[in-house]
Amino acid sequence: MKRPSDDVDESRLEVGPPADAAAGVTGVRVALEHAVGQMGATRAASALTKLNQADGFDCQGCAWPDPAPGERAHAEFCENGAKAVAEEATKAHVDRDFFAAHSVEDLRGRSEYWLGKQGRIVEPVVLRPGASHYEPIDWGEAFGLVAEHLRALDDPDRAAFYTSGKTSNEAAFVYQLFVRSLGTNNLPDCSNMCHESSGTALTDTIGVGKGSVTLGDIHDAELIVVMGQNPGTNHPRMLSALEVAKRNGARIVSINPLREPGTMRFKNPQKPRGVIGKGTDLADLHVPVRINGDLALFQAVGAALLEADERGEQVLDHDFIAAHTEGFEAWADHLRGLDLEAVHRATGIDEATIAAVVDEFKRSRRTVICWAMGITQHKNAVATIKEIVNVALAQGNIGKPGAGVCPVRGHSNVQGDRTMGIWERSPDAFLDALDAEFSITSPREHGFDTVATIEALRDGHLDVFFAMGGNFVSAAPDTAVVEAAMANAALTVHVATKLNRSHLAHGRTALILPPLGRSEKDRTGGREQRVTVEDSMSAVHASRGPLEPASPELRSEVDIVCSLALATFGEGHVVPWDAMRRDYSEIRRRIGRVVPGCEGYEELVDRPGGFTLPHPPRDSRTFPTARGKAVFSPSPLEVLDVPDGHLLLQTLRSHDQFNTTIYGLDDRYRGITGGRRVVFVHPDDLRDAGLADGDRVDLVSLWRGVERRAADFRVVPYDQPRGCAAAYYPETNPLVPLDHMADGSRQPASKSIIIRLEPRKAVA
Ligand SMILES: Nc1nc2c(c(=O)[nH]1)N[C@H]1C(S)=C(S)[C@@H](COP(=O)(O)OP(=O)(O)OC[C@H]3O[C@@H](n4cnc5c(=O)[nH]c(N)nc54)[C@H](O)[C@@H]3O)O[C@H]1N2
Ligand SMILES: Nc1nc2c(c(=O)[nH]1)N[C@H]1C(S)=C(S)[C@@H](COP(=O)(O)OP(=O)(O)OC[C@H]3O[C@@H](n4cnc5c(=O)[nH]c(N)nc54)[C@H](O)[C@@H]3O)O[C@H]1N2
Ligand code: SF4
Ligand SMILES: [Mo]
């Protein structure tokens, strides 16, 4: 693909009508354009025929699961999976000449889109103190530099080690082992910004912080609720699963301020009616909830189910409640006094629509509830998810076929990274097993999560910031604060395939270490290595990249961690870093002995399609909570009141991005082409603000007396509840206050930002 030489020109932005269906042949065309354009036809063909196949590699996109090996299609991927592969396997390269030609100052003036499109980083580079340009450094010197900084720390807690969710299980396992061998639990990760609220709420209520459904449960459900999620863009193959469920008779309810085309109708490109027909209608009922109204909505549903049951309609599962739960009465008492007027203010939903939702729950004997960032990124997210669990428990919808709770994970291996111990609060049982296996002493006090890491950097409590992938500076809240905080570090290190803004907000010394990508052959230690990953439904399987690496200089993430550990601890260390680096089976044997549910790991992942980790609530209605019961948990109903003249902003993804990686400038389903600085607002709210379609505004957020600003957005009238607005992340991250977090999980609340629109003076 031709690299853009000029940066994004937002004046080319065009706005059309939103689409009425997702995927279809346009999706296939766009996928192929990205794949062939960036990789060339041969590389594209070798990559895509191995994508999500049992003998191939796992898609770098989202964490949606693959069907069983015998049930996979020839092309088992979606448009956005193809884009993810193309982005990694691109022929464009960032080499030493590139860094010589572009100073850090120059790169700072470029967009995230432009930076990413320059291609794969092909050798390690360093930015020395006071230097203006990154320059090449050999691997040995780079490891030595990091080791020197780590050894010089007077306290290991003065270093933090971030992880994004693409890292394989093997790399994640050795990485957390390295960090704990150093003596710290400072392991912030992208999960802190993603499904931390789900993990917290599910652990408290059902005893396991993961979803309780398999792909088969989705296929067999009678009712599927999709809330706070845009699967047509972010988990596109979920639409195939919803289509199967529909064919089996399921009903689908979508709960979302936006009528996302993907949830409304799906044109499956692998089926004739998806190519020439109108596609499959997915949602039977769309509930345009006001942003942050889900807690109130589920309280109303719970109250109505209770009331109906008390009238004798038998819509609750009393046997399940009696045998497996505690706290039912307290929850029921709490809902008997529910303030319906407050429910309507919070949800913006009329009584008839709430009644229709309740009817769907009443009629279904097997209900699956799916959610993503529209639920987890709010101040009351943990309470909302607990309310979802309350409703599921009341109807016995956990631990039976065709039913369950389903937080749909983001990054392809974010769930696996947690399983492998990437967690600032790993339980003592895990640390005990790790210590016993390796004869180390892991610290027990909890480490820094993402927000705490930023605060520590800001306040001068961290000297080293190390990132295994990701784009911490752009993904985190309060961009200006994070950028400034990074400058307080003595050393920042990024293990990164592609250039991004985090590499430009650096410590006094900065390193970029380029790893192999998942699509590439890994010949570390002179043998063909494979890695393993876990999807959103706890299925674990192997992944082997088919492509020649972008450069012979690239090293696997496992190699990078083990080599760094050797440089830091020396050859005689108790942990066998070199043996694990030479043969990843050695890591897998250790995983089998340390990680719960992974006994015999190497053999389990040898099976085609791998294996599914145990999940006691799903498998046997066993709830590993304090008292062995699933817990009903009442929460106060809070209405998020927005001051006059203000809107509630959610920050979301376009169809053409993967988090901070911008694939392109279109958001096809929402009718946007050629730009990203748009804010979607209800037409009546625009009129009330004296604004018209096409006007340009600054977005100004107000939090605890401090104003934050994101400049120059084009307003786009868009159907949604009054008082709500939407704009893309990461452009809007400067508006998200660092201390605006979910209670209980400390997850940034980037879906409920109070803003006002400030007109910009017309420029002639
Ligand atoms: N192509 C692509 N795939 C991806 C990603 C990507 O960036 N691009 N990112 C990956 C990652 S890391 C993640 S976490 C997932 C994210 O997947 P999603 O959670 O689907 O991502 P968002 O774009 O943040 O969409 C949030 C959705 O919630 C809705 N919403 C917002 N606020 C509320 C609310 O208060 N209530 C309700 N009911 N709905 C609300 C929005 O309208 C929107 O439809 O996708 C993963 N997959
Ligand atoms: N306002 C707002 N903020 C959000 C969100 C939101 O909805 N709204 N969503 C949050 C969520 S859900 C998430 S998960 C985070 C995402 O936060 P991150 O995971 O930190 O961000 P990404 O954009 O996924 O990271 C992209 C970078 O990862 C690197 N990379 C890609 N592939 C590889 C690889 O194989 N190995 C290595 N080592 N590096 C690689 C590349 O350099 C690329 O630039 O953002 C969060 N921030
Ligand atoms: S649904 Fe997700 S994992 Fe599957 S091909 Fe698409 S992006 Fe990749
Ligand atoms: Mo995420």
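Residues numbered from 1 in each chain as written. Chains lettered and ligands numbered in written order. Predicted model: local features only at pLDDT ≥ 70, side-chain atom pairs only at ≥ 80, totals over all residues. Heavy atoms only, no water.

Under an unreviewed UniProt entry, the name given to the protein chain is FdhF/YdeP family oxidoreductase, and the source organism is Nocardioides malaquae. Of the protein chain, the UniProt comment under Sequence similarities (unreviewed entry) reads exactly: "Belongs to the prokaryotic molybdopterin-containing oxidoreductase family." (UniProt positions renumbered as here; feature names shortened; annotations may be inferred.)

To continue, consider the overall build of the protein chain. When you go through the protein chain residue by residue, the secondary structure sums to 32 helices and 31 strands. Relative to the compact-globule value of 27 Å for 764 residues, the protein chain shows a C-alpha radius of gyration of 25 Å, a close match. For the protein chain, the spread of C-alpha atoms along the three principal axes comes to 75 × 70 × 55 Å. Residues counted as buried form 65% of the 764 residues belonging to the protein chain. (Helix = DSSP H or I, 4+ residues; strand = E, 2+ residues; numbered from the N terminus. Rg over C-alpha atoms; globule rule 2.2 N^0.38 Å. Buried < 20%, exposed > 50% of the residue type's maximum accessible area, 1.4 Å probe, protein only.)

A few words on the sheet that holds strand S10 (residues 265-267). Strands sit in the order S2-S10-S11 across an open sheet of three strands; the sheet is mixed. With partners counted over all chains shown, the strands left at the sheet margins are strand S2 (22-23) and strand S11 (280-281), one partner each. (Pairing = 2+ DSSP bridges.)

We now examine the pattern of salt bridges. By the definition in use, this model includes 80 salt bridges. Note that Arg110 is salt-bridged to Asp106, the shortest N-O span being 3.0 Å. Of the residues examined, Arg110 reaches a relative accessible area of 19% and is grouped as buried. Taking the shortest distance from any N to any O, the salt bridge between Asp688 and Arg687 comes out at 3.2 Å. (Salt bridge = Lys/Arg side-chain N within 4 Å of Asp/Glu carboxyl O.)

A word on the packing of helix H1 (residues 24-39) against helix H2 (residues 41-48). At a minimum axis separation of 7 Å, H1 and H2 run at an interaxial angle of 125°. Relative to H2, the element H1 is oriented oblique. The two elements H1 and H2 meet at a crossing, and its hand is right-handed. Residues Ala35, Val36 and Met39 of H1 form the contact with H2, whose participating residues are Ala41, Arg43, Ala44, Ala47 and Leu48. (Axes fitted to C-alpha atoms, helices over the stretch in contact; angles between N-to-C directions. Parallel < 35°, antiparallel > 145°, perpendicular 65-115°, else oblique. Left-handed = near helix turned anticlockwise from the far one by under 90°. Contact = heavy atoms within 4.5 Å.)

Taken in spatial order, the five strands line up as S12-S9-S8-S14-S15 in an open sheet, and their pairing is parallel. One side of each edge strand has no neighbouring strand; the edge strands of this open sheet are strand S12 (285-287) and strand S15 (404-407). Sheet twist, expressed as the average angle between the axes of neighbouring strands with direction ignored, equals 15°. In terms of strand pairing, strand S9 (residues 251-255) meets S12 through three bridges, oriented parallel. Within S12, the residue paired with Ile255 across the bridge is Val287. Where helix H12 (residues 238-247) meets the sheet, it contacts strand S8 (223-227), S9 and strand S14 (367-371), and its direction lies at approximately 150° from that of S8. Where helix H19 (residues 351-363) meets the sheet, it contacts S8, S9, S12 and S14, and its direction lies at approximately 130° from that of S12.

All right, on to the domain arrangement of the protein chain then. Accessible area lost when the parts come together is the quantity often used to give the size of an interface. Each assigned domain of the protein chain is listed with its residue range as follows: domain 1 (18-88), domain 2 (124-191 + 413-514 + 521-616), domain 3 (196-407) and domain 4 (647-759). Computed from C-alpha coordinates alone, the two centres of domain 2 and domain 3 are separated by 35 Å. The interface is formed by 14 residues belonging to domain 2 together with 13 residues belonging to domain 3. For the pair domain 2 and domain 3, the two sides together bury roughly 890 Å², of which 49% comes from carbon and sulfur. Looking at the side of domain 2 facing domain 3, the largest losses of area belong to Ser191, Met537 and His615, adding up to 56% of the total buried there. Between domain 2 and domain 3 we count three salt bridges in total. The shortest N-O distance in the salt bridge between Glu534 and Lys210 comes to 2.9 Å. Top element by residues in the side of domain 2 that touches domain 3 is helix H22 (residues 414-419). It accounts for three residues. (Domains from an automatic or database assignment. Buried area = accessible area lost by both parts, 1.4 Å probe.)

Right, let's get into the site of ligand 2. Inspection of the region around ligand 2 gives 30 residues, with Tyr162, Ser164, Ala475, Lys498 and Thr660 positioned closest. In this structure, Glu557 approaches ligand 2 through a side-chain N or O atom, which is 2.7 Å from a nitrogen atom. Within the contact set of ligand 2, a nitrogen atom lies 2.8 Å away from a side-chain nitrogen or oxygen of Asn733. Its free accessible area being 920 Å², ligand 2 has 95% of it covered by the protein chains. (Near = heavy atom within 4 Å. Polar contact = N/O pair within 3.5 Å; in protein donor to acceptor, adjacent residues only side chain to side chain. Areas by Shrake-Rupley, 256 points an atom, 1.4 Å probe, with all protein chains shown as cover.)

A few words on the packing of aromatic side chains. The geometry of an aromatic ring pair is captured by the separation of the ring centres together with the interplanar angle, meaning the angle of the planes. Counted according to the given criterion, the structure contains 22 aromatic pairs. Between Phe328 and Phe632 the ring centres are 5.4 Å apart and the planes differ by 75°, which places this aromatic pair in the edge-to-face class. Here Phe328, found in helix H17 (residues 328-336), pairs with Phe632, found in the loop between strand S22 (630-631) and strand S23 (647-652); they are 304 residues apart in sequence, far enough to count as distant. Taken as a pair, Phe328 and Phe632 share a single burial class, namely buried. (Phe/Tyr/Trp six-rings, centres within 6.5 Å; stacked < 30°, edge-to-face > 60°.)

On the UniProt side, "domain: Molybdopterin dinucleotide-binding" (unreviewed entry) is annotated at positions that read residues 647-752 here. For residues 647-752, the helix share is 6%, the strand share is 39%, and the end-to-end C-alpha distance is 9 Å.

All right, on to the site of ligand 3 then. In the vicinity of ligand 3, the contacting residues are Asn52, Cys59, Gly61, Cys62, Phe77, Cys78, Gly81, Pro236 and Arg237. When the residues that make up the shell around ligand 3 are grouped by side-chain class, the tally is five nonpolar, three polar and one charged. (Nonpolar A, V, L, I, M, F, W, Y, C, P; charged D, E, K, R; others polar.)

Moving on, we get to the nonpolar core. Counting 59 residues, the largest nonpolar core has Phe161, Phe178, Leu511 and Trp577 as the members making the most contacts within it. If one sorts the elements of this core by residue count, helix H8 (residues 169-182) sits on top with nine residues. Leave out the neighbours within four places in its chain, and Phe161 touches Leu150, Tyr175, Phe178, Val179, Leu182, Thr184, Asn186, Leu187, Pro188 and Phe466. In terms of nonpolar packing, the next biggest core, distinct from the first, is built from 50 residues, Ala201, Val225, Phe320 and Ile385 among them. (Core = buried A, V, L, I, M, F, W, Y, C linked by side-chain atoms within 4.5 Å.)

This part is about the side chain of Lys83. If you trace the backbone, Lys83 turns up in helix H3 (residues 79-88). Aside from chain neighbours lying at most four places away, what touches Lys83 is Val30, His34, His655, Asp656 and Tyr663.

Below, the discussion takes up unusual backbone geometry. Backbone phi values are negative for most residues with the exception of glycine, while trans is the configuration of most peptide bonds. Of note, the amide linkage connecting Tyr729 to Pro730 takes the cis form, showing an omega dihedral of 5°. Positive phi values are uncommon outside glycine, yet Asp478 reaches one of about 55°. Backbone geometry places Asn659, a non-glycine residue, at a positive phi of 50°. Structurally, the position occupied by Asn659 is in the loop between strand S24 (657-658) and strand S25 (661-662). Note on Asn659: relative accessible area 14%, which makes it buried.

By the alternation rule, side chains of strand S19 (residues 531-534) split into Val531 and Val533 and Thr532 and Glu534, which are all buried. The pairing of S19 with strand S20 (residues 539-543) spans four bridges and is antiparallel. For Thr532, the partnering residue across the bridge sits in S20 and is Ala542. The antiparallel hairpin formed by S19 and S20 contains four residues in its connecting segment, where Ser538 sits at a positive phi of about 65°.

Another aspect to go through is H1. Across its 16 residues, H1 extends 23 Å between first and last C-alpha, which sits within 8% of the 22 Å expected from 1.5 Å per residue. What H1 keeps buried is the set Gly24, Gly27, Val30, Ala31, His34, Ala35, Gln38 and Met39. On an axial view of H1, the arc spanned by its buried residues comes to 125°, and they lie on one face. Among the residues trailing H1, Gly40 stands out with phi positive, at a value near 85°. (Expected span 1.5 Å × (residues − 1). Arc of directions from axis to C-beta.)

Let us now look at H3. Summarising burial for H3: ten of the ten residues are buried, a large majority. Next to the buried residues of H3 lie H1, H2, helix H6 (112-117), strand S4 (120-121), helix H11 (231-234) and S25.

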